[in-house]
Amino acid sequence: MDEHGSPLPEPALAADAAATGLPDGYADTVTALHLLEHVPPPAGRAILAEAVRLARRRVIVAVPYEDEPDARYGHVRTFTATTLRELGAAT
């Protein structure tokens, strides 16, 4: 805590999202925000498995809904509500 009772920020960590090297249950919440659309499905599954391993409480995922991957932004895949539910169920 700082002098005002606020928590100090965690230091930044640069790591492979699929193999962070952090211990199980490292964080209450793990986020994958606008990440999964940039990687092929096998890498996305590995990233989510790592997120679930790290999270004590929840994993939050955000992806764009688009009909075609938008190459301007480096997107290589698309998602729908159905594909997200299936991905969550498989995780």
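Coordinates for the structure precede this section.
Residues numbered from 1 in each chain as written. Predicted model: local features only at pLDDT ≥ 70, side-chain atom pairs only at ≥ 80, totals over all residues. Heavy atoms only, no water.

(A) Representation of the overall build of the protein. Helices and strands together make up the secondary structure of the protein, namely two helices and two strands. Considering only C-alpha atoms, the protein reaches an extent of 50 × 30 × 20 Å along its principal axes. Scored against the burial criterion, the 91 residues of the protein give a buried share of 24%. In the protein, once contacts between residues fewer than 6 apart in sequence are set aside, the share between residues at least 24 apart is 68%. When the accessible surface of the protein is totalled, it reaches about 6,300 Å², and 57% of it is carbon and sulfur. (Helix = DSSP H or I, 4+ residues; strand = E, 2+ residues; numbered from the N terminus. Buried < 20%, exposed > 50% of the residue type's maximum accessible area, 1.4 Å probe, protein only. Contact = heavy atoms within 4.5 Å. Areas by Shrake-Rupley, 256 points an atom, 1.4 Å probe, with all protein chains shown as cover.)

(B) Spatial organisation of the layout of surface pockets. The space that makes up the largest pocket amounts to roughly 530 Å³. As for the largest pocket, its lining consists of 21 residues, of which L13, T20, L22, V30 and L54 are closest to the centre. Where the lining of the largest pocket is concerned, the elements lending two or more residues are β1 (27-33) and α1 (41-54). Examining the composition of the lining of the largest pocket, we find that six residues originate from one element, β1, more than from any other. Among the residues making up the lining of the largest pocket, the classes are represented as 15 nonpolar, three polar and three charged. (1 Å grid on protein atoms, 1.4 Å probe; cavity = no way out; pocket = protein on both sides within 12 Å on 5 of 7 lines; lining within 4 Å. Points joined across faces, edges and corners; volume = space filled by probe spheres on them. Nonpolar A, V, L, I, M, F, W, Y, C, P; charged D, E, K, R; others polar.)

(C) Representation of the pattern of salt bridges. One pass over the structure, following the stated rule, counts four salt bridges. A salt bridge links R53 to D24; the shortest N-O distance between them is 2.5 Å. Of the two residues, R53 is situated in helix α1 and D24 in the segment before β1; the sequence distance between them amounts to 29 residues. The class for D24 is exposed, based on a relative accessible area of 57%. Measuring nitrogen to oxygen at the nearest pair gives 2.9 Å for the salt bridge that ties R56 to D28. A residue pair is termed long-range when its members are at least 10 positions apart, and R56 in strand β2 (residues 55-62) and D28 in strand β1 qualify at 28 residues. With relative accessibility at 49%, the residue R56 sits in the partly exposed group. The network of salt bridges with common partners includes D24, E50 and R53. (Salt bridge = Lys/Arg side-chain N within 4 Å of Asp/Glu carboxyl O.)

(D) Representation of the side chain of E50 within the structure. Structurally, the position occupied by E50 is in helix α1. Ignoring any residue separated from it by four or fewer positions in sequence, one finds E50 in contact with A17, A18, A19, T20 and G21.

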